[in-house]
Amino acid sequence: MIRVATLFLCLWTSSTGWAANRGAAVFQLCASCHGQDGHGNQLIEAPSIAGLPAWYVSAQLTKFRNGQRGKHPDDDAGNRMRPLAMTIDPEDVDVVAAYVASLPAHKAPATLEGGNAERGKATFNQCIACHGPNAEGNEVLHAPPLNMASDWYLFRQLNNFKKHIRAYDPEDAFGATMAAQAATLSSEQVMKDVVAYIATRDTASSSAGRPQAAASTMTLADLPKFEQGSPELVAKGKGLFSTNCAVCHGPEGNGDGAGGASLHPKPRNFHAPGASWTHGNTAASIYYTLANGSQGTGMAS
């Protein structure tokens, strides 16, 4: 048994060492723009990526590779990134993502001018539901950490989401969710303000190096009490709806929220008579939709 355990340990050590070396080798392609330390280069629009969580790096490389990102004609930086991402072997995507995550996280210096962090704090409240109060991100919600990102890059991406230069693919459900949120930012000044506030957040609580807690501990066994309802549950649900859902579905659930204006299909009007719900309108069906999202729409899980 000891010999077997020793052999297993040797094999595991060998494989992890190979992955780290392979990741470093593949990263040389990335280093040409993002730098050996992953700190980026604003002059060529390459953001800082050091310490980003592996799941996010892998997801973005996959989007560049499959055309969900980097194909829009107005996305100059994305147009440069996509061909490089396509040269990475599919088996190396997760390997290089893990290497990027292993690089020491870097708090990019502020370069964007004209933002007011105090005003931005109020706007950031609508971002907290996904990205967290410290902009630390949440893997469960597919929301990356923002607190280590270059401010110029965040401003650029908010503009890209708002104009559908990013999240142009109808199958990009998580991108569609972000585009809907960006659509509520009424001006470049509002975007500069919220970016200025994000720049004040501490990177110590970033999700890059730690697993995220589950979004909910509720199970199907709990559904009966939700179907019966209570004043306390209704009040709590109303608050959650206002924070997380009203931006697209509207404050009264009529599907008329500002964030849904650019979505196709449009957000559901919960009051429409005879409406055909994708998964049904029972408590169990609604729970399923909240947990799994609705494919082909802006309704991410």
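No experiment lies behind these values; they were computed from the predicted model shown.

With that settled, consider the state of the cysteines. What the rule picks out here adds up to 0 disulfides. No disulfide involves C130; its sulfur sits 8.8 Å from the nearest other cysteine sulfur, which is in C127. Residue classification places C130 among the partly exposed residues on the basis of a relative accessible area of 32%.

Across all of its chains, the model carries 5 salt bridges by this definition. Ionic pairing is found between E45 and R156, a salt bridge with its closest N-O pair at 2.3 Å. One end of the pair, E45, is in the loop between α1 (2-34) and α2 (54-66); the other, R156, is in helix α7 (residues 151-162), and 111 residues separate them in sequence. Between D172 and K63 there is a salt bridge; the shortest N-O distance is 2.7 Å. One end of the pair, D172, is in the loop between α7 and α8 (173-182); the other, K63, is in helix α2, with 109 residues separating them in the sequence. Judged by its relative accessible area of 5%, D172 is buried.

Counting through the fold element by element, N159 comes out in helix α7. For N159, a relative accessible area of 9% corresponds to the buried category. Those residues in contact with N159, other than ones at most four positions away along the chain, are E188 and M191.

Counting residues in each nonpolar core, the largest one holds 19 residues, and the members touching the most others are F27, L52, V57, L61 and V96. Of all the elements in the fold, those that place two or more residues in this core are α1, α2 and α4 (93-102). Apart from residues lying up to four places away in sequence, V96 is in contact with G23, V26, F27, C30 and L61. Counting 18 residues, the second largest nonpolar core, distinct from the first, contains F124, F155, F161 and V195.

Analysis parameters
- Residues numbered from 1 in each chain as written.
- Predicted model: local features only at pLDDT ≥ 70, side-chain atom pairs only at ≥ 80, totals over all residues.
- Heavy atoms only, no water.
- Disulfide = S-S within 2.5 Å.
- Buried < 20%, exposed > 50% of the residue type's maximum accessible area, 1.4 Å probe, protein only.
- Salt bridge = Lys/Arg side-chain N within 4 Å of Asp/Glu carboxyl O.
- Helix = DSSP H or I, 4+ residues; strand = E, 2+ residues; numbered from the N terminus.
- Contact = heavy atoms within 4.5 Å.
- Core = buried A, V, L, I, M, F, W, Y, C linked by side-chain atoms within 4.5 Å.

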